[in-house]
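Working through the structure, step by step
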Amino acid sequence: MDAAIPFDTELGNGSGSGSTVADMADASHDATKLPRVMITGGVGEAAAALYLALFRTPAGLFVRTDYLLYSYYGVLVAVVLFGLVEAWAGLWVSHDPLRRRAVGMTVLWVSVLPLLFLAGVGGHAILK
């Protein structure tokens, strides 16, 4: 008998203990899980960007010129707005997840770019 842990248990089985990447991959296969991942991801992105904009000062390359400083805050505002749009799109997809899955998947995979920006800037802000 195989002693491996079942696949659903490894992913967290919707209990909130799974990783974000595992939730995104699981939502790409199951249209009913897609709205939950979109809403939590959008709210998380917006909250992280808002936290960085309000409570962390930019460092490194961003303080060299005013243009880079303004672009830093401009990108953070854009990430906050994109996070809110992603959460709204998750609510929209939740009304008919099987027919609106393509829009939801597109928004979900485009949201990887702001996540990478937040991870880079947020990691730098934590390590400084």
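Residues numbered from 1 in each chain as written. Predicted model: local features only at pLDDT ≥ 70, side-chain atom pairs only at ≥ 80, totals over all residues. Heavy atoms only, no water.

Once that is clear, we can look at the confidence of the model for the chain. Per-residue confidence for the chain gives a mean pLDDT of 81; residues scoring 70 or more make up 80%. Model confidence for the chain, summarised as mean pLDDT per element, is weakest for helix α1 (residues 7-11) at 44 and strongest for helix α4 (residues 66-94) at 93. For residues 5-14, every residue scores under 50 in pLDDT, and the model assigns this stretch 9 contacts once sequence neighbours within four places are set aside. (pLDDT = per-residue confidence, 0-100. Helix = DSSP H or I, 4+ residues; strand = E, 2+ residues; numbered from the N terminus. Contact = heavy atoms within 4.5 Å.)

For helix α5 (residues 101-110), the set of buried residues is G104, M105, V107 and L108. Along the axis of α5, the buried residues cluster in a sector spanning 165 degrees; they form a single face. (Buried < 20%, exposed > 50% of the residue type's maximum accessible area, 1.4 Å probe, protein only. Arc of directions from axis to C-beta.)

Attention now moves to the nonpolar core. Side chains of a nonpolar character, in soluble globular proteins, are inclined to be buried together. In terms of nonpolar packing, the biggest core is built from 10 residues, these being M24, A27, L34, V37, M38, A89, V93, M105, V107 and L108. The residues contacting L34, other than those within four sequence positions of it, are A27, V93, R101, G104, M105 and L108. Counting residues in hydrophobic clusters, the runner-up holds 9 residues, among them A46, L52, V79 and L118. (Core = buried A, V, L, I, M, F, W, Y, C linked by side-chain atoms within 4.5 Å.)

Take the packing of aromatic side chains next. Here the distance between the centres and the angle between the planes together describe a pair of aromatic rings. Counted according to the given criterion, the structure contains 2 aromatic pairs. The interplanar angle of 45 degrees and the centroid separation of 5.5 Å between the aromatic rings of Y51 and F55 together place this pair among those described as tilted. One end of the pair, Y51, and the other, F55, are both in helix α3 (residues 34-55), 4 residues apart, so they sit about a helical turn from each other. F55 sits in the exposed class, given a relative accessible area of 61%. Arranged with centres 5.1 Å apart and planes meeting at 75 degrees, the rings of Y72 and Y73 form a pair that is edge-to-face. Looking at Y72, the relative accessible area reads 2%, which means it is buried. (Phe/Tyr/Trp six-rings, centres within 6.5 Å; stacked < 30°, edge-to-face > 60°.)

With that out of the way, let us pick up the environment of L50. When you line up the elements, L50 lands in helix α3. A C-alpha to C-alpha distance of 6.4 Å links L50 and V80, two positions 30 residues apart in sequence.

Following the sequence through the fold, F62 ends up in the loop between α3 and α4. For F62, a relative accessible area of 24% gives the class partly exposed. Among all residues touching F62, those that are not within four sequence positions of it are L68, L69 and Y72.

What follows concerns the packing of α3 against α4. To describe two helices that pack against each other, one gives the angle between their axes and the distance between the axes. Where α3 meets α4, the axes come as close as 7 Å, and the angle between the chain directions of the two elements is 160 degrees. Taken as axis vectors, α3 and α4 run roughly antiparallel relative to one another. Crossing of α3 against α4: the hand is left-handed. Broken down by class, the residue content of the contact of α3 with α4 amounts to 21 nonpolar, 5 polar and 2 charged. (Axes fitted to C-alpha atoms, helices over the stretch in contact; angles between N-to-C directions. Parallel < 35°, antiparallel > 145°, perpendicular 65-115°, else oblique. Left-handed = near helix turned anticlockwise from the far one by under 90°. Nonpolar A, V, L, I, M, F, W, Y, C, P; charged D, E, K, R; others polar.)

So, on to the side chain of S111. Looking at the secondary structure, you find S111 in the loop between α5 and α6 (112-127). For S111, a relative accessible area of 2% puts it in the buried group. Within the structure, the side chain of S111 is placed 2.5 Å from the backbone oxygen of L108, a separation counted as a polar contact. Those residues in contact with S111, other than ones at most four positions away along the chain, are E45, F82 and E86. (Polar contact = N/O pair within 3.5 Å; in protein donor to acceptor, adjacent residues only side chain to side chain.)

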